[in-house]
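# Observations on the three-dimensional arrangement
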Amino acid sequence: MDNELSIGHLVDSVDGPPATLDPTRFNRHTFWCGQSGSGKTYALGVVLEQILLQTQLPLLVMDPNADFVRLGDVREETAPDVAERLAAVRPRVFRPRKNGAEQLTVKFVDLSLRSRAAILRLDPLRDAEEYNLLLHLEAESGPETFDRSTFVHRLRESDDPGMRRLLLRLENLGVLEWDVWAWGGDSTQTVIDERPRATVLDLGGFKTPDESKVAALAILDHLWANRESRKPVLIVIDEAHNLCSAEPVLPVEVALTERIVQIAAEGRKYGLWLLLSTQRPSKIHPNALSQCDNLALMKMSSPRDLDELGQSFGYAPHELLSRTGSFVQGQALFAGGFITAPAVVQMASRLTYEGGSDVRVPL
Ligand SMILES: Nc1ncnc2c1ncn2[C@@H]1O[C@H](COP(=O)(O)OP(=O)(O)OP(=O)(O)O)[C@@H](O)[C@H]1O
Ligand SMILES: [Mg+2]
């Protein structure tokens, strides 16, 4: 097949023939796992570059450590014809504060009612009045005048005690101060609706951790609400345990995990395909894990984690799983629909630059 993704070479064959993935199988969810430093983020970048080169599949990368913000910067050693094709992609990079990039902002009214209530820690019965106000917020907020001060003024001047209670809640939670809100301006959600070839969301640079979760939740809620458009997108979530925890605690975390589990269970037919990367299988919600038909596994030393992987991914042979403990950096076991047969691969070199890099010991 012409569009195969060339990701490195097979480790077990004498002459190390090229290893390839079948891009058409990214219409299933993928789980990517390996202990810290095993090379997940680097190797994931190799696969994403190939997807950009060989397919038209739009990528949406949720990037907690700004590792992919340079996905558009081609390395000098990359062959000129490949470099030219990659350079033409021009990923849209959204960051919390501009830093020369586009600003990552979302609209509160684009969140599902359940997510809005989670952000404000509202209970539909206990906080009936405020919850009901939230229900009707959308209709009232005209886009052209919808900025922070107008909104606060409206709440403050209202005769309705519920409105003033809502304002107190917003102020006490600090929600009104967040940089993540688009208010009446452009939001990142509408850009994603257009399905750029690659969109990178730098989720790490917000002032509060809540904001990065809310940004992810708003984007995923919006994708889900518009799922009937059936425009495919590969949703890549690095450090996925942050957003799809096995044990979510805060209401926003519960809402996020539920949304991702729902996309894992039902998103496939709408073209919402997940790639979840994390260090340990037990950190991800089991109902998302169990939906993954593709597996990439890098160095994993913990026997307990390997047992769990063996149970969740019956298609990964035990003999290969047991070898992952001795993998060197850049080696990965691939199994599932996107590879012809389970195999150990030495990953190729990156064609673009990595963003965040390890902090070195000063000498
Ligand atoms: N195949 C490779 N070739 C060259 N350098 C690599 C390779 N794989 C990883 N590295 C380097 O090793 C370091 C760790 O890799 P990486 O960040 O991908 O690990 P990780 O598994 O994502 O770790 P964490 O779970 O902590 O995020 C990085 O500095 C990266 O540049
Ligand atoms: Mg990483």
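All figures in this text were calculated on a predicted structure; none of them were measured in a lab.

Looking only at helices and strands, one finds twelve helices and twelve strands in the protein. Whereas a compact globule of 363 residues would reach a radius of gyration of roughly 21 Å, the protein reaches 22 Å, a difference of no more than 12%. Here the protein holds 363 residues, and the buried ones make up 52% of them. Taking contacts inside the protein between residues at least 6 apart in sequence as the whole, the part at least 24 apart equals 74%.

Now for the site of ligand 1. Inspection of the region around ligand 1 gives 14 residues, with Ser 36, Lys 40, Thr 41, Gln 329 and Glu 354 positioned closest. One of the backbone N or O atoms of Gly 37 is found 2.9 Å from an oxygen atom in ligand 1. Taking Thr 41, its side chain carries an N or O atom lying 2.8 Å from an oxygen atom of ligand 1. Protein coverage of the free-state accessible area of ligand 1, which is 620 Å², stands at 74%. Split into classes, the residues belonging to the shell around ligand 1 amount to one nonpolar, nine polar and four charged.

Our focus in this paragraph is the domain arrangement of the protein. Taken domain by domain, the protein holds domain 1 (5-106 + 185-347) and domain 2 (108-177). Contacts between the two partners involve 13 residues from domain 1, matched on the other side by nine residues from domain 2. Interface area lost by domain 1 to domain 2 is led by Val 214, Asp 221 and Pro 251, which between them contribute 31%. Where domain 1 touches domain 2, the interface holds one salt bridge. The residue Glu 258 makes a salt bridge to Arg 114 at a minimum N-O spacing of 2.7 Å.

When two helices pack together, their arrangement is given by the angle between the helix axes and the distance between those axes. The interhelical angle for the contact between helix H1 (residues 40-54) and helix H2 (residues 80-87), taken along N-to-C directions, is 85 degrees, at an axis separation of 9 Å. It follows that H1 is roughly perpendicular to H2 by the angle criterion. Mapping the contact onto sequence places Glu 49, Leu 52, Leu 53 and Gln 54 in H1 and Val 82, Arg 85 and Leu 86 in H2. Here the residues of the contact of H1 with H2 are counted per class, giving four nonpolar, one polar and two charged.

The next point concerns H1. The end-to-end C-alpha distance of H1, which contains 15 residues, comes to 21 Å, matching closely the 21 Å that a straight helix rising 1.5 Å per residue would cover. Burial analysis of H1 places 13 of its 15 residues in the buried class, the great majority of the element.

Across the five residues of strand S7 (residues 198-202), five count as buried, placing the element largely inside the fold. Neither face of S7 is open: one carries Ala 198, Val 200 and Asp 202, the other Thr 199 and Leu 201, and all of them are buried. Taken together, the five bridges between strand S4 (residues 59-63) and S7 define a ladder with parallel strand orientation. Note that in S7 the partner of Met 62 across the bridge is Leu 201. Note that strand S5 (residues 92-95) and S7 share three bridges and pair parallel. When the bridges of S7 are listed, Phe 94 appears paired with Leu 201.

Looking now at the sheet that holds strand S1 (residues 5-10). Spatial ordering of the open sheet is given by S2-S1-S12-S11-S10-S3-S9-S8-S4-S7-S5-S6, a layout of twelve strands whose pairing is mixed. Edge positions in the sheet fall to strand S2 (18-21) and strand S6 (102-103), since each has one partner strand and no second.

Our next topic: the side chain of Thr 188. Along the chain, Thr 188 turns up in helix H7 (residues 188-193). With residues up to four places along the chain from it excluded, the contact list for Thr 188 reads Phe 94, Gln 103, Leu 104, Thr 105, Leu 201 and Ile 219.

Moving on: the environment of Leu 203. Looking at the secondary structure, you find Leu 203 in the loop between S7 and helix H8 (209-225). Leaving out residues up to four positions away in the same chain, Leu 203 has contacts with Met 62, Asp 63, Pro 64, Leu 104, Ser 212, Ala 215, Ala 216 and Leu 243.

Okay, unusual backbone geometry next. Here the phi dihedral of Ala 66 falls at roughly 55 degrees; this positive angle occurs in a residue that is not glycine. Locating Ala 66 in the fold gives a position in the loop between S4 and H2. Backbone geometry at Arg 121 places phi at a positive 50 degrees, although glycine is not the residue there. If you trace the backbone, Arg 121 turns up in the loop between helix H3 (113-119) and helix H4 (128-140). By relative accessible area, Arg 121 is classed as partly exposed at 43%.

All right, on to the packing of aromatic side chains then. According to the stated counting rule, one finds nine aromatic pairs in the structure shown. Plain terms: the ring middles of Phe 108 and Trp 181 are 5.4 Å apart, the flat faces sit at 85 degrees to each other, and that makes the pair edge-to-face. Linking Phe 108 in the loop between S6 and H3 with Trp 181 in the loop between helix H6 (161-173) and H7, this pair joins segments that are 73 residues apart in sequence. A relative accessible area of 15% means that Phe 108 is categorised as buried. Ring geometry for Trp 178 and Trp 181: centres 5.8 Å apart, planes at 20 degrees, overall stacked. Pair check on accessibility: Trp 178 and Trp 181 agree, each one buried. Through successive ring pairs, a cluster of aromatic residues spans Phe 26, Trp 32, Phe 334 and Phe 338. Its guanidinium or amino end placed over the ring of Tyr 270, Arg 227 lies 5.6 Å from that ring's centre, counting from NZ or CZ. Between the NZ or CZ atom of Arg 350 and the centre of the ring of Tyr 42, over which it lies, the distance is 5.9 Å.

Thresholds, definitions, all that
Here the residue numbers are simple positions, counted from 1 along each chain's written sequence. The lettering of chains begins at A and the numbering of ligands begins at 1, in the order of writing. Where local features are concerned, this predicted model is filtered to residues with pLDDT of at least 70; where side-chain atom pairs are given and counted, the filter is 80 or more; whole-chain, interface and lining totals use all residues. The basis for the side-chain values is all heavy atoms of the structure; hydrogens and waters are excluded. Strands are runs of DSSP state E lasting at least two residues, helices are runs of H or I lasting at least four, and both sets are numbered from the N terminus onward. Radius of gyration means the value over C-alpha atoms here, while the globule rule gives 2.2 Å times the residue count to the 0.38 power. Here's how the labels work: a residue is buried when its accessible area is under 20% of the maximum for its type, exposed when over 50%, partly exposed in between, all with a 1.4 Å probe on protein chains only. Contact definition: two residues touch when any of their heavy atoms are within 4.5 Å. A single heavy atom is enough: if one lies within 4 Å of a molecule or strand, its residue is considered near that molecule or strand. We call two N or O atoms a polar contact when they sit within 3.5 Å, provided that within protein one can donate a hydrogen and the other can accept it, with sequence-adjacent residues counted only if both atoms are side-chain atoms. Only the protein chains shown count as cover for residues, and all accessible areas are computed by the Shrake-Rupley method using a 1.4 Å probe. Note that Gly is not counted as nonpolar here; it falls among the polar residues with everything else outside the nonpolar set of Ala, Val, Leu, Ile, Met, Phe, Trp, Tyr, Cys and Pro and the charged set of Asp, Glu, Lys and Arg. These domain limits were set by an automatic method or by a database of domain assignments. Once two parts are brought into contact, the accessible area they lose, counted with a 1.4 Å probe and summed over both, makes up the buried area. One speaks of a salt bridge when a side-chain nitrogen belonging to Lys or Arg is within 4 Å of a carboxyl oxygen belonging to Asp or Glu. Note on definitions: angles span 0 to 180 degrees between N-to-C directions of axes, and those axes are lines fitted to C-alpha atoms, for helices only across the stretch in contact. To sort the angles, those under 35 degrees are grouped as roughly parallel, those over 145 as roughly antiparallel, those from 65 to 115 as roughly perpendicular, and the leftovers as oblique. One less than the number of residues in a helix, times 1.5 Å, gives the span that helix is expected to have. Paired strands, as defined in this entry, are two strands with at least two bridges between them according to DSSP. Note on aromatic pairs: the rings of Phe, Tyr and Trp (six-membered ring only in Trp) are paired at centre separations within 6.5 Å, and the planes decide the class, stacked below 30 degrees, edge-to-face beyond 60, tilted for the rest. Here, a charge over a ring is recorded when the distance from Lys NZ or Arg CZ to the ring centre is within 6 Å and its angle to the ring normal is within 35 degrees.

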